[in-house]
Amino acid sequence: MCENNETSITEFLLLGFNSYQETKIILLIVFLLIYISILTGNLLIILLVATSLHLKDPMYIFLKHLALADVVFTSNIIPNMLHTIINDGSRMTITACYTQYYFHCFSGYAESLILTSMSFDRYIAICHPLRYRSVMNPKVCSYFIFWSWATGFILLPIEFISLSNLKFCGSN
């Protein structure tokens, strides 16, 4: 596979938006404002649901965990992207790349499964309203939340075995 270059790659060079020097500040401000608004909105949701006594239904608990997964998802990518834009590129080690990929997939799995749990919760609430309290009790809600987060830990090692077998050669 790597006939012409037998050296191992230890880091990647992220180029960013080098061809758009005149719009670098605008891109930085736009992405920073989007990131701040995402963090602010999601942290307010988490804080509101955690502190309010009236928001203890499963729907709100799922919403709190969905906001947490979104914070992990965006905080994984955007700070590195902002650093790359500011410095006209940056370097990332393979370990940092694997770590970023792990948290990206982990939070993506969690988000998807939390949304699935929310849809089941709404299905029970709409189609079986008289049985809602018995079906969606706190124990069932806790199981859904736990397995939504745990699935990433269960599924990701399979991907990382395949990913660790990749050979990087040539240009960074």
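Look up a bit, the structure's there.
What counts and what doesn't
Residues numbered from 1 in each chain as written. Predicted model: local features only at pLDDT ≥ 70, side-chain atom pairs only at ≥ 80, totals over all residues. Heavy atoms only, no water. Patch = residues over 30% accessible without salt bridge, like charges linked within 9 Å, V, L, I, M, F, W, Y side chains within 5 Å. Areas by Shrake-Rupley, 256 points an atom, 1.4 Å probe, with all protein chains shown as cover. Salt bridge = Lys/Arg side-chain N within 4 Å of Asp/Glu carboxyl O. Helix = DSSP H or I, 4+ residues; strand = E, 2+ residues; numbered from the N terminus. Buried < 20%, exposed > 50% of the residue type's maximum accessible area, 1.4 Å probe, protein only. Core = buried A, V, L, I, M, F, W, Y, C linked by side-chain atoms within 4.5 Å. Contact = heavy atoms within 4.5 Å. Expected span 1.5 Å × (residues − 1). Pairing = 2+ DSSP bridges. Phe/Tyr/Trp six-rings, centres within 6.5 Å; stacked < 30°, edge-to-face > 60°. Bend = angle between axes of the 7 residues up to and from the residue.

Engineer: Kindly report on a nonpolar patch on the surface, identifying the contributing residues and their values.
Structural biologist: Residues Y143, F146, W147, I154, L155 and I158 make up a contiguous nonpolar surface patch of about 650 Å² in total accessible area. Looking at the secondary structure, you find I158 in helix α5 (residues 138–164). Among the residues examined, I158 registers a relative accessible area of 56% and is labelled exposed.

Engineer: Break down the nonpolar core for me, citing the residues and quoting the values.
Structural biologist: With 18 residues, the main nonpolar core has F62, I114, W149 and L156 as its most contacted residues. At the level of secondary structure, the elements contributing two or more residues to this core comprise α2 (58–86), α3 (94–127) and α5. By residue number, the principal contributor to this core is α3, which donates 7 residues. Setting aside its immediate chain neighbours within four residues, I114 contacts F62, H65, L66, S148 and W149. Of all hydrophobic cores here, the second largest spans 7 residues; its members include L39, V71, L82 and I85.

Engineer: Pulling in residues and values, what's your account of helix α1 (residues 24–51)?
Structural biologist: Here α1 is 28 residues long and its end C-alpha atoms lie 40 Å apart, about the 40 Å a rise of 1.5 Å per residue gives. Among the residues making up α1, those that are buried are K24, L28, Y35, L39, N42, I46 and V49. Looking at the packing, one finds that the buried side of α1 touches α2.

Engineer: Go over the pairing of strand β2 (residues 90–93) with me, naming the residues and quoting the values.
Structural biologist: Burial of the side chains of β2 is restricted to one face: S90 and M92 are buried, whereas none of R91 and T93 on the reverse face is. Of the pairings in the sheet, the one linking strand β1 (residues 11–14) to β2 comprises 4 bridges and is antiparallel in character. Its bridge partner being in β2, L14 is matched across the sheet by S90.

Engineer: Run through the packing of aromatic side chains, naming residues and quoting values.
Structural biologist: The final tally for this structure, using the stated rule, is 8 aromatic pairs. Here the aromatic rings of F146 and W147 are separated by 5.0 Å at their centres, their planes lie at 80 degrees, and the arrangement is edge-to-face. Looking at W147, the relative accessible area reads 46%, which means it is partly exposed. Among the aromatic residues, those joined into a ring-pair cluster are Y102, F103, F106, W149 and F153.

Engineer: So what about α2? Which residues, and what values?
Structural biologist: Look at α2: 42 Å from first C-alpha to last across 29 residues, which is about the 42 Å you get at 1.5 Å a residue. Considering bend angle alone, the principal kink of α2 is centred on S75 and spans about 30 degrees; proline P79 follows within four residues of it. Where α2 ends, the next residue or the one after it, D88, has phi of about 55 degrees, a positive value.

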